[in-house]
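The chain contents come next:
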Amino acid sequence: MALHAPPKLERYADIPYEEKERLFQEVKADPRFPDYLYGCYECGICVAACPSARFYDFSPRKIAQTLAREDVELFFYQLNEDVWNCSQCFSCNRCPRGNSPGGLITIMREVAVRNGLRSAKEALEGYSRVIYKIMATGTQVSPDMIQADAFPDWGPVAKETADNLELWRKALPPETMHTTSTAWEVSEQTLTELYLIWHMTGVMDMIKEVDEGLHMILLDVMEELLEERGYALAE
Ligand code: SF4
Ligand code: SF4
């Protein structure tokens, strides 16, 4: 009798097993892996603590179990589908076995991005503006991103906030937050250090895998500042 993969695994049936195994080994080879997975009691405490498990067909217990059992087919499915449902809150770190399902998911996401998986590109598609903001300015979303068009569910509050943004910002006690195009002032020294860290730790290479256009824009921004401060980026 011919064996068939369960329906959800069939979605990735055309990917060679060797490729799935290669990615699984890349996750296992991460130096954090042994600290994040010690085995699983199947107690479900991580699921009870997980906010994403309430809203999605998602379970940190299944992630830990799949990796512990070395189920390569299910791992590949989770690598493409489940890991993007995690909000990286790490509430699951209360695992009595000492596991960190959220940490395991971090490693899996990094492997998915580093290998340029289509699922990673799709999952991160909507975040390019946020990634640009973080990497170009050193801060995440900026106040001037609050526009009535972007926040229709805020009603008139979004327009009122946008119209009076400078005034609202000046009301904040820390002067470093009297900014509208960044969340707070980031010094050139800090930005330089961030750029160098992102280059040296491979973050820029990961961005290139998922969004080449964004990578080019970021390189331009970074190179200019780094050159001004006497650094040249190696090719
Ligand atoms: S880190 Fe992810 S898996 Fe863990 S509790 Fe938060 S959302 Fe759930
Ligand atoms: S809390 Fe830990 S031991 Fe319990 S199901 Fe989750 S990963 Fe397994």
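Residues numbered from 1 in each chain as written. Chains lettered and ligands numbered in written order. Predicted model: local features only at pLDDT ≥ 70, side-chain atom pairs only at ≥ 80, totals over all residues. Heavy atoms only, no water.

Chemist: Can you walk me through the domain arrangement of the chain in this structure?
Modeler: For an interface, size is often stated in terms of accessible area lost upon the parts coming together. Assigned domains of the chain: these are domain 1 (15-115) and domain 2 (127-228). With centres defined by C-alpha atoms, the gap from domain 1 to domain 2 works out at 30 Å. (Domains from an automatic or database assignment.)

Chemist: Any chance you could explain the site of ligand 1 here in plain terms?
Modeler: Contacts to ligand 1 come from 14 residues, most closely from Cys-50, Cys-86, Cys-89, Phe-90 and Cys-92. Listed by contribution, the elements that provide at least two residues to the shell around ligand 1 are helix H5 (51-55) and helix H8 (101-114). For the shell around ligand 1, a count of residues per class yields nine nonpolar, five polar and no charged. (Near = heavy atom within 4 Å. Helix = DSSP H or I, 4+ residues; strand = E, 2+ residues; numbered from the N terminus. Nonpolar A, V, L, I, M, F, W, Y, C, P; charged D, E, K, R; others polar.)

Chemist: Hey, could you run me through the packing of helix H13 (residues 188-200) against helix H15 (residues 212-228) in this one?
Modeler: For any two helices packed against each other, one specifies the inter-axial angle together with the distance between the axes. Between H13 and H15, the shortest axis-to-axis distance is 10 Å and the interhelical angle comes to 120°. In this view, H13 runs oblique relative to H15, as classed from their interaxial angle. For the pair H13 and H15, the crossing hand works out as left-handed. Only Leu-219, Val-221, Met-222, Leu-225, Leu-226 and Glu-228 of H15 make contact with H13, whose side of the interface consists of Glu-188, Leu-191, Thr-192, Tyr-195, Leu-196, Trp-198 and His-199. Classifying every residue of the contact of H13 with H15 by side-chain character gives nine nonpolar, two polar and two charged. (Axes fitted to C-alpha atoms, helices over the stretch in contact; angles between N-to-C directions. Parallel < 35°, antiparallel > 145°, perpendicular 65-115°, else oblique. Left-handed = near helix turned anticlockwise from the far one by under 90°. Contact = heavy atoms within 4.5 Å.)

Chemist: What is the right way to look at the site of ligand 2 in this model?
Modeler: The environment of ligand 2 is formed by 13 residues, the closest being Cys-40, Tyr-41, Cys-43, Cys-46 and Cys-95. At the level of elements, helix H4 (45-49) and helix H6 (60-69) are the ones that each hand at least two residues to the shell around ligand 2.

Chemist: Would you take a moment to explain the packing of H6 against helix H7 (residues 72-80) for this structure?
Modeler: Their axes nearest at 9 Å, the elements H6 and H7 cross at an angle of 140°. It follows from the interaxial angle that H6 and H7 lie oblique. Our pair here, H6 against H7, has a crossing hand that is left-handed. Contacts from Lys-62, Ile-63, Thr-66 and Leu-67 of H6 reach H7 at Leu-74, Phe-75 and Gln-78. Residues of the contact of H6 with H7, tallied by class, amount to four nonpolar, two polar and one charged.

Chemist: Sorry, what's going on with H13 here?
Modeler: Given 3.6 residues per helical turn, the α-helix brings residues three or four places apart onto the same face. Here H13 is 13 residues long and its end C-alpha atoms lie 18 Å apart, about the 18 Å a rise of 1.5 Å per residue gives. Of the residues making up H13, those classed as buried are Leu-191, Thr-192, Tyr-195, Leu-196 and Trp-198. All buried residues of H13 project into a common sector of 160° when viewed along the axis, lining one side. Packing partners of the buried residues in H13 comprise helix H10 (128-137), helix H14 (203-210) and H15. (Expected span 1.5 Å × (residues − 1). Buried < 20%, exposed > 50% of the residue type's maximum accessible area, 1.4 Å probe, protein only. Arc of directions from axis to C-beta.)

Chemist: Can you help me understand the pattern of salt bridges in this one?
Modeler: Oppositely charged side chains can form a pair if their charged atoms are brought close together. The final tally for this structure, using the stated rule, is 13 salt bridges. A salt bridge links Arg-22 to Glu-19; the nearest nitrogen and oxygen atoms lie 3.0 Å apart. Here Glu-19 and Arg-22 lie together in helix H2 (residues 17-28), a separation of three residues that amounts to about one turn. Between Lys-133 and Asp-144 there is a salt bridge, with the nearest N and O atoms lying 4.0 Å from each other. With a gap of 11 residues between them, Lys-133 in helix H10 and Asp-144 in the loop between H10 and helix H11 (156-163) connect regions that are remote in the sequence. Its relative accessible area of 13% is what places Lys-133 among the buried residues. Here the salt bridges do not stand alone but share partners, grouping Glu-19, Arg-22, Glu-26 and Arg-114 into one network. (Salt bridge = Lys/Arg side-chain N within 4 Å of Asp/Glu carboxyl O.)

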